[in-house]
Protein chains: 2
Amino acid sequence: MSIKKVARIAGVSTATVSRYLNSPEQVKENTRSKVQSAIDEVGYAPNALARNFRRGKTSLVVVVLPQVGDPFLDNVMRGIWRVADEQGYSILIRDTQSNSHDFDEFTEMVFSKQADGILLLASISPFSEPEAKRSREKAHPPLVLGLESVTTELNHFPSVRVDNVAAAADGTQYLIQLGHERIGFIAGKPDSLLTHDREKGYRKAMRKAKLKVENGWVVEGEQTIDGARRATRRLLAHKQRPTAIFCANDEMALGTVHEIKNAGLRVPEDISVVGFDDIRYAEVMDPPLTTIAQPAEEIGERTMRRLVQAIDGGALDKDTDTSPEIVPHKLIVRKSTGNAPR
Amino acid sequence: MSIKKVARIAGVSTATVSRYLNSPEQVKENTRSKVQSAIDEVGYAPNALARNFRRGKTSLVVVVLPQVGDPFLDNVMRGIWRVADEQGYSILIRDTQSNSHDFDEFTEMVFSKQADGILLLASISPFSEPEAKRSREKAHPPLVLGLESVTTELNHFPSVRVDNVAAAADGTQYLIQLGHERIGFIAGKPDSLLTHDREKGYRKAMRKAKLKVENGWVVEGEQTIDGARRATRRLLAHKQRPTAIFCANDEMALGTVHEIKNAGLRVPEDISVVGFDDIRYAEVMDPPLTTIAQPAEEIGERTMRRLVQAIDGGALDKDTDTSPEIVPHKLIVRKSTGNAPR
DNA sequence: TTGTAAGCGTTATCAT
DNA sequence: ATGATAACGCTTACAA
C-alpha cells in the first residue's frame, strides 16, 4: 500500500511515483521534488518483494561452494561480489559440507524463483532421475561452473577454470626436474572432479617421464587437514617411501608438511611438498610452500559475468558457446621443494 | 498463472491447490491425489516470489561478516546454517572487506524487504545521521550480534559471544605465569570492537600483575597476516623486546610466528606466542599454537536462533531482554608458549 | 508529462 | 471440504 500513500501525499498517481523511482528522467522536475518530499515525509522504502514479484526476478544468485571458510574462496568471492554489486545481484551462499545438497535442490531454487541463477564452485551429486525427466520439458536453469571440471551431464554449461590437468602436470614435472623419481600424490575426495583432474595431470607427467606410480602412492586426503595427515602417514610408511608429495590443494599440504615434520623428517631435505591454490597461508608456512596459483579473483569475476549474461539472455541453449574458459595457472616456487635426496 | 493451471487441470479451485500445498491435511484424500497428478503433469513448482510477496516475508537473513574465507567463521556458519535450514531461512552473505558497507545499508535491506533480519558478525560503521532520524519512527529491525562486542548504539540488540576481555586476560595471565614480564600485544584494526576488548583484557591482566606495558608494545596488526608481520617486526625492533606476544587472533599469529622465525629467533624458546580463535590451522602450525578457543558453532546456532525469534516475535522492543549471552572460552595450551627466557 | 487500471501468483477470508 | 474472490505493492501498457 505504500506507493499509494506516497502518491496520495504528493498528489500524483502511483504510476508517477513508480516512474520517479525507476526512471526519474521521465518525470518533470517539479513533480520530482513533490514526490521526493512525500517519500521523505513517510520514510518510504520500495518493497523489494513486490517489485521482484512483479518483475519476475529475484535478483539473487546462489553460489554453491564446498565450504565457507576456505581461504582460497576468499578471492573468488571477491570477484563474484564485484560483479554482483555492479549488476544488482545479491549472493546466496550454500555450502555442500554442512548440509548435503544435491543438484536438483539448486535447479529447483531457480524453477521456484528463489534465485535467478546458480554459480557452482563445488562438485555435487548429479541429476537425480526425476530431474532428468523434467529437463526434457524445462530449459536448463542459468548455471555457470567455476573452478571445477565437470561431469558429462554438466557439460553443456559454461565454465571458467584453470587447466587442472596441465597445472598438476607442471607441478609434477617440476619435482621430476629436481630429480625426484618417487613421487606420491594426495588426492581429494573421490567425488571431486577437480582433484581427479589434478591426479590425472600428475599421472600424465609421471608417465611422460617414464616414472612408475607405485601402488599406494596415490592416497585420498579427503580435502581436509586431518585427512591429509592420515594420508601422509600412509605414504611415509610405504616400503618405497616417496621423496616428494604432491597435494591436490594447499589445505591438505598444510597437514602433510606438519605430519612429515612430526615424523622427524625435514621438508624439503627429506621430502619435498607441492600444493595447489596458493592460499594466503602458503607463504607463511614453515617452510613456505611451493604451490600452483590460480587467478582466483578473476575466476570469480568471469564466472559471475557469464552467469549474469545467461540470466539476462534467458536460459541458454544447449549449443551456446559451451567451451570452458581456461585461465592461466602459475607455479610458485618457494622453499618446500628441493633436490631429491641422495 | 501457474496455480491456476494446476487448478484447472485438477478440476478444483486455486484455493484447494494452495491448501494442498500448505496444509494437505485440510484436503480430502481423493482431492489430494487429483491435485498431485495435475502438479506432476505440468511440472508445477510454487512461485516463491509470489508466495513471499503475499506473506510479506523474504525468508532471507543477511549475515554480515568481515571476510568469507576466514577459517574461524567456518564453524560459526555451520551453526547458523543448521538453524536456518531447520527454520526455512536462506542465508545472504555480505562481507565488509570487499565492499564497504555501512549499517544503514543493512537496516535498509530489512525495511525494503530484501531480508527479514540481520546477523552481524563484524564491526561496521555506526548509524549515520538520517538513520538516527528514522529510528525514531521505525522500530529497529530484527538484528542479532555475534562474536563482537558492541558500540553503544547497538546496545539494545541481543548478542552472543565470549567474554573477550576475560578471555584475553586469561591468555595474558597464562604468559605471566610462565614468567614473562615483557609481553607485547598485536591488535586488530582500530575500528574493531572485538580486538579492542581483547586488548583491554590484556592490559587488565598486565595491570593486575603490576607489569608495565611499555610504549610500543601494543601495535596494530590490521587483522591480516601481512599486518601482523609488520607489527611483529616493530615489536622485535623494540629496545625492550617482548619475550611473549599475544595476538588478537590466530590469523595474525600465523604471521607473527613466521616473522619471528624469519628473524632467526625461536618460538617459544626466545619468544612465546598466543593466538585467539583456535582456527583449524593452529594445530598444524610449527610450533602448534597456544590459543583461546571459542565455541564457534554454538555461537552461530544461538545467534541464529535468537534472530529467528526476533523475526517471528516482531521487532523487539528496546527493553526486551538485552543482556548479551556469554558463552565460555577455553585456553588451549600447545607448543608456542614456554617459560620466559633466562 | 501524467493518470488509469490491469495484472503478476499466492494466500486468506468468507461463504457454501 | 471446497469455491469465489479480494488483496498484497508494484510496474506498465494505454489513454489522455
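Please read these numbers as outputs of a predicted model, since none were measured by experiment.

Enquirer: Can you help me understand the overall build of chain A in this one?
Expert: From N to C terminus, chain A includes 12 helices and 12 strands. Its C-alpha atoms give chain A a radius of gyration of 26 Å, more than 25% over the compact-globule value 20 Å for 342 residues. If one aligns the C-alpha atoms of chain A with their principal axes, the spans along those axes are about 90 × 45 × 30 Å. In chain A, buried positions account for 57% of the 342 residues. Long-range pairs, those at least 24 residues apart, make up 74% of the contacts in chain A with a sequence separation of at least 6. Surface exposure of chain A reaches about 14,700 Å², of which carbon and sulfur atoms provide 47%.

Enquirer: Would you explain the domain arrangement of chain A in this entry?
Expert: Often the size quoted for an interface is simply the accessible area lost on bringing the parts together. All names here are of chain A. We note that the domain assignment places domain 1 (3-46), domain 2 (58-161 + 297-326) and domain 3 (164-293) within chain A. Centre-to-centre, using C-alpha coordinates, domain 2 lies 29 Å away from domain 3. At the interface, 9 residues of domain 2 touch 11 residues of domain 3. Broken down residue by residue, the surface that domain 2 buries against domain 3 is led by Pro 71, Phe 72 and Ser 149, which jointly contribute 51%. Connecting domain 2 to domain 3 are 1 salt bridge. Residue Arg 280 is joined to Asp 74 by a salt bridge in which the shortest nitrogen-to-oxygen separation is 3.8 Å. Taken together, the links from domain 2 to domain 3 amount to 3 residue pairs in polar contact (both at pLDDT 80 or more). Grouping the amino acids of the side of domain 2 that touches domain 3 by side-chain chemistry returns 4 nonpolar, 3 polar and 2 charged.

Enquirer: How should the protein's contact with DNA strand D be read in this particular structure?
Expert: Every one of the 27 residues lining DNA strand D counts as a neighbour, but Met 1, Ile 3, Tyr 44 and Arg 54 of chain A together with Thr 31 of chain B are closest to it. In DNA strand D, atoms within 4 Å of the protein come 62% from sugar and phosphate. At 3.2 Å, a side-chain N or O of Asn 22 of chain A approaches a phosphate oxygen of DNA strand D. Between DNA strand D and Thr 16 of chain B there is a distance of 2.6 Å, counted from a phosphate oxygen to a side-chain nitrogen or oxygen. Elements with a contribution of two residues or more to the surface near DNA strand D: helix 1 (2-10), helix 2 (14-22) and helix 4 (48-55) of chain A together with helix 2 (14-22) and helix 4 (48-55) of chain B. No other element matches the 5 residues that helix 4 of chain A contributes to the surface near DNA strand D. When the residues that make up the surface near DNA strand D are grouped by side-chain class, the tally is 11 nonpolar, 10 polar and 6 charged.

Enquirer: Before we go on, may I ask you to explain the relation of the copies chain B and chain A in this structure?
Expert: Two copies of the chain are present, and they differ by a rotation about an axis and a shift along that axis. For the pair chain B and chain A, the superposition axis carries a translation of 0.0 Å, the fit reaches an RMSD of 0.1 Å, and the rotation angle comes to 180 degrees. Given the turn and translation reported, the copies of this chain are related as if by a two-fold rotation axis. For chain B, the minimum C-alpha distance to the rotation axis belongs to Gly 69 of chain B and amounts to 1.9 Å. Most of the interface of chain B is mirrored in chain A, where 100% of its interface residues are also at the interface.

Enquirer: Would you take a moment to explain unusual backbone geometry for this structure?
Expert: Trans peptide bonds make up most of the peptide bonds, and negative phi angles are found at most residues other than glycine. Between Asp 286 of chain A and Pro 287 of chain A the backbone carries a cis peptide bond, its omega angle lying at 0 degrees. Along the chain, Pro 287 of chain A turns up in the loop between strand 9 (272-274) and strand 10 (291-293). Of note, Ser 59 of chain A is a non-glycine position whose phi angle comes to about 60 degrees, a positive value. With respect to the helices and strands, Ser 59 of chain A occurs in the loop between helix 4 and strand 1 (60-65). Positive phi outside glycine occurs at Asp 277 of chain B, with the angle close to 125 degrees. Within the secondary structure, Asp 277 of chain B sits in the loop between strand 9 (272-274) and strand 10 (291-293).

Enquirer: Got a minute to help me understand the UniProt feature "domain: HTH lacI-type" (unreviewed entry) in chain A in this structure?
Expert: Look at the UniProt record and you will see "domain: HTH lacI-type" (unreviewed entry) annotated at residues 1-55 of chain A. Along residues 1-55 of chain A one finds 73% helix and 0% strand; the C-alpha atoms at either end are 18 Å apart.

Enquirer: Hey, could you run me through the packing of helix 1 (residues 2-10) of chain B against helix 2 of chain B in this one?
Expert: Residues and elements named next belong to chain B. Running from N to C, helix 1 and helix 2 point in directions that differ by 105 degrees, and their axes come no closer than 8 Å. In terms of their interaxial angle, helix 1 and helix 2 are classed as roughly perpendicular. Contact residues: Ile 3, Lys 4, Val 6 and Ala 7 in helix 1; Thr 14, Val 17 and Ser 18 in helix 2. Considering only residue class, the contact of helix 1 with helix 2 consists of 4 nonpolar, 2 polar and 1 charged.

Enquirer: Looking at this model, I keep getting lost on empty space enclosed by the protein. Mind explaining?
Expert: Remark: the empty space left among the atoms is shown by a probe the size of a water molecule rolled over them. All chains considered together, the criterion is met by 4 cavities of 30 Å³ or more. Considering only enclosed or pocket space, the largest cavity measures out at about 210 Å³ in volume. In this structure, the largest cavity is lined by 16 residues; those nearest its centre are Met 285 and Asp 286 of chain A together with Val 284, Met 285 and Asp 286 of chain B. For the lining of the largest cavity, the residue count by class is 10 nonpolar, 2 polar and 4 charged.

Enquirer: Just to check I follow, could you spell out the sheet that holds strand 6 (residues 183-187) of chain A for this structure?
Expert: Adjacent strands of a sheet pair through backbone hydrogen bonds, lying either parallel or antiparallel. Residue and element names in this part refer to chain A. With parallel pairing, the 4 strands of this open sheet are ordered in space as 7-6-8-9. Of all strands in the sheet, those bounded by a partner on one side alone are strand 7 (218-220) and strand 9. Each neighbouring strand pair of the sheet contributes to a mean axis angle of 20 degrees, computed without reference to strand direction. With 3 bridges joining them, strand 8 (residues 244-247) and strand 9 adopt parallel strand pairing. Considered in strand 9, the bridge of Ile 245 is made with Val 273. The sheet contacts of helix 10 (residues 225-236) involve strand 6, strand 7 and strand 8, and relative to strand 7 the element is tilted by about 150 degrees. The sheet strands contacting helix 11 (residues 250-262) are strand 6, strand 8 and strand 9, and the helix crosses strand 8 at an angle near 155 degrees.

Enquirer: Help me understand the nonpolar core in this model?
Expert: Side chains of nonpolar character tend, in soluble globular proteins, to be buried together. Of all hydrophobic cores here, the largest spans 144 residues; its most connected members are Ile 91 and Met 304 of chain A together with Ile 91 and Met 304 of chain B. Formed by 34 residues, the second largest nonpolar core is a distinct cluster that contains Phe 103, Ala 115, Leu 120 and Leu 145 of chain A.

Enquirer: Help me out: how do you make sense of the packing of aromatic side chains in this one?
Expert: This structure, assessed with the given rule, holds 6 aromatic pairs over all chains. Judged by centre distance (5.0 Å) and plane angle (25 degrees), the ring pair of Phe 53 of chain A and Phe 53 of chain B falls under stacked. With Phe 53 of chain A in helix 4 and Phe 53 of chain B in helix 4, this residue pair bridges two chains. A centroid spacing of 5.7 Å and a plane angle of 50 degrees characterise the contact between Phe 185 of chain A and Phe 246 of chain A, whose relative ring orientation is tilted. Of this pair, Phe 185 of chain A sits in strand 6 while Phe 246 of chain A sits in strand 8, placing them 61 residues apart in sequence. Accessibility classification places Phe 185 of chain A together with Phe 246 of chain A in one group, the buried group. Each residue in the set Phe 185, Tyr 202 and Phe 246 of chain A is aromatic and connected to the rest through ring pairs, giving one cluster. Looking at Arg 198 of chain A, its charged tip hangs above the ring of Phe 276 of chain A, at a distance of 3.5 Å from the centre.

Analysis parameters
- For every chain, the first residue of the written sequence is number 1, and numbering continues from 1 onward in sequence order.
- Lettering of chains starts at A and numbering of ligands starts at 1, both following the order in which they are written.
- In view of the model being predicted, local features appear only for residues whose pLDDT reaches at least 70, and side-chain atom pairs are presented and counted only at 80 or more, with totals across whole chains, interfaces and linings using the full set of residues.
- With hydrogens and water set aside, each side-chain value is computed from the structure's full complement of heavy atoms.
- For the purposes of this entry, the term helix denotes a DSSP run of H or I that reaches at least four residues, the term strand denotes a run of E that reaches at least two, and both are numbered from the N terminus.
- C-alpha atoms define the radius of gyration, and 2.2 Å times the number of residues to the power 0.38 defines the globule rule.
- Only protein chains enter the accessibility calculation, which uses a 1.4 Å probe; a residue is then buried when its area is under 20% of its type maximum, exposed when over 50%, and partly exposed in between.
- Contact definition: two residues touch when any of their heavy atoms are within 4.5 Å.
- The Shrake-Rupley method, run with a 1.4 Å probe sphere, supplies the accessible areas, and residue values consider only the shown protein chains as cover.
- Note that the domain bounds reflect an automated or database-derived domain assignment.
- Note on definitions: buried area is the accessible-area loss of two parts on being combined, 1.4 Å probe, summed for both.
- Salt-bridge detection follows one rule: a side-chain nitrogen of Lys or Arg within 4 Å of a carboxyl oxygen of Asp or Glu.
- Under the rule applied, a polar contact is a pair of N or O atoms within 3.5 Å (in protein, one hydrogen donor and one hydrogen acceptor; residues adjacent in sequence only if both atoms are side-chain atoms).
- Only Asp, Glu, Lys and Arg are considered charged, only Ala, Val, Leu, Ile, Met, Phe, Trp, Tyr, Cys and Pro nonpolar, and every remaining residue, Gly among them, polar.
- Residue proximity to a molecule or strand is established when one non-hydrogen atom of the residue lies within 4 Å of it.
- C-alpha atoms of residues with pLDDT of at least 70 in both copies form the basis for the least-squares superposition of the copies.
- UniProt positions are given in the numbering used here, feature names are shortened, and annotations may be inferred rather than shown by experiment.
- All axes here are fitted lines through C-alpha atoms, helices being fitted over the stretch that makes contact, and every angle between N-to-C directions spans 0 to 180 degrees.
- Roughly parallel covers angles under 35 degrees, roughly antiparallel covers those over 145, roughly perpendicular covers 65 to 115, and oblique covers all other angles.
- The distinction between a cavity and a pocket rests on a 1 Å grid over the protein atoms alone: a 1.4 Å probe fits inside a cavity but cannot get out, while a pocket stays open yet meets protein on both sides within 12 Å along at least five of seven lines, and a residue with an atom within 4 Å of a point counts as lining.
- Grid points are joined across faces, edges and corners, and a volume is the space filled by probe spheres set on the points.
- Strand pairing requires that DSSP identify at least two bridges connecting the strands.
- To qualify as a nonpolar core, a set must consist of buried Ala, Val, Leu, Ile, Met, Phe, Trp, Tyr and Cys residues joined through side-chain atoms within 4.5 Å.
- Any two rings among Phe, Tyr and Trp, with Trp reduced to its six-membered ring, count as a pair given centres within 6.5 Å; such a pair is stacked if its planes are under 30 degrees apart, edge-to-face if over 60, and tilted if neither.
- We count a charge as sitting over a ring when the NZ of a lysine or the CZ of an arginine lies within 6 Å of the ring centre and within 35 degrees of the ring normal.

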